[in-house]
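Take a look at the letters that make up each chain.
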Amino acid sequence: MAITELTADMFDSEVLQSDQLVIVDFWATWCTPCSMLVPILEEIAAEHTDIKICKINMDDAQDIAEEYGVMSIPALLYFKGGELINDSIGLISKERILSLLS
């Protein structure tokens, strides 16, 4: 499954109303660790079609970032049934990402 690029307008429908586990990657073009996280997320997306992975540009979605307390990036927020179940900050491994989903 491909990674979905979100806009602020899409957040509710793609994340909060999804019946899948959703990982939302808060990133920015100027963030080097964010770029390093992309191949890890692409690998998870390819291997785990039951997990929806979305990216949202922090610079374009400051209201959503503020609502969820995102102060540093990269930040991954993990949602299930429209509820935030976990989060992580910084560049982390594929194994750590998957472990935070359970």
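Just so it is clear, the model here is predicted, and its values are computed rather than measured.

Basis of the calculations
Residues numbered from 1 in each chain as written. Predicted model: local features only at pLDDT ≥ 70, side-chain atom pairs only at ≥ 80, totals over all residues. Heavy atoms only, no water. Helix = DSSP H or I, 4+ residues; strand = E, 2+ residues; numbered from the N terminus. Rg over C-alpha atoms; globule rule 2.2 N^0.38 Å. Buried < 20%, exposed > 50% of the residue type's maximum accessible area, 1.4 Å probe, protein only. Pairing = 2+ DSSP bridges. Right-handed = clockwise from strand over helix to strand, strands pointing away. Patch = residues over 30% accessible without salt bridge, like charges linked within 9 Å, V, L, I, M, F, W, Y side chains within 5 Å. Areas by Shrake-Rupley, 256 points an atom, 1.4 Å probe, with all protein chains shown as cover. Salt bridge = Lys/Arg side-chain N within 4 Å of Asp/Glu carboxyl O. Lys, Arg positive; Asp, Glu negative; His and termini not counted. Charge placed at Lys NZ, Arg CZ, Asp CG, Glu CD. Core = buried A, V, L, I, M, F, W, Y, C linked by side-chain atoms within 4.5 Å. Contact = heavy atoms within 4.5 Å. Axes fitted to C-alpha atoms, helices over the stretch in contact; angles between N-to-C directions.

Engineer: Give me the overall build of the chain: which residues, what numbers.
Structural biologist: A count of helical and extended segments in the chain gives four helices and five strands. Traced from its N-terminal end to its C-terminal end, the chain shows the element sequence β-α-β-α-β-α-β-β-α. Taking 2.2 N^0.38 as the reference for a compact globule, 102 residues should give roughly 13 Å; the C-alpha atoms of the chain span a radius of gyration of 12 Å, in line with that estimate. With the principal axes as the frame, the chain shows a C-alpha extent of 30 × 30 × 20 Å. Classification of the 102 residues of the chain by burial places 45% in the buried group.

Engineer: Before we move on, can you summarise the pairing of strand β3 (residues 51-57) with the specific residues and values?
Structural biologist: Along β3, seven of the seven residues are buried, which leaves the element largely enclosed by surrounding structure. Taken together, the three bridges between strand β1 (residues 4-6) and β3 define a ladder with parallel strand orientation. Bridge pairing links L6 to I56 in β3. Of the crossover connections in this fold, the one passing from strand β2 (residues 21-27) over helix α2 (residues 32-47) to the parallel β3 is right-handed.

Engineer: So, the pairing of β2: which residues are in play, and what are the values?
Structural biologist: Both faces of the sheet carry side chains from a regular strand, because those side chains alternate between them. Burial within β2 is extensive, with seven of its seven residues counted as buried. Strand direction decides the pairing type here: β2 and β3, joined by seven bridges, are parallel. Residue pairing for β3: V22 is matched across the bridge by K52.

Engineer: I'd like a description of a negative patch on the surface, backed by residues and values.
Structural biologist: The grouping of D12, D63, E66 and E67 at the surface amounts to a negative patch. Ranked by the residues each element gives to the negative patch, the list is headed by helix α3 (residues 62-67), at three residues. Mapped onto the elements of the fold, E66 is located in helix α3. When its relative accessible area of 67% is taken as the criterion, E66 is described as exposed.

Engineer: Give a detailed account of the nonpolar core, specifying residues and quantitative values.
Structural biologist: Counting 21 residues, the largest nonpolar core has F11, V24, F26, I56, V70 and I73 as its most contacted members. Among the secondary structure elements, those contributing two or more residues to this core are α1 (11-16), β2, β3, α3 and β4 (75-80). Top contributing element to this core by residue count: β2, with four residues. If we ignore the near neighbours within four places in the chain, the residues touching I73 are F26, W27, A28, W30, C31, C34 and M58. Formed by 15 residues, the second largest nonpolar core is a distinct cluster that contains L21, I23, I44 and L76.

Engineer: Report on the sheet that holds β1, specifying residues and quantitative values.
Structural biologist: In sheet architecture, strand pairing relies on hydrogen bonds along the backbone and comes in two forms, parallel and antiparallel. Pairing is mixed across the open sheet formed by five strands, whose spatial order is β1-β3-β2-β4-β5. The outermost strands of the open sheet, each flanked by one partner alone, are β1 and β5 (83-89). Across the sheet, the axes of successive neighbouring strands diverge by a mean angle of 25 degrees, strand direction being ignored.

Just geometry here; none of it tells us what the structure is for.
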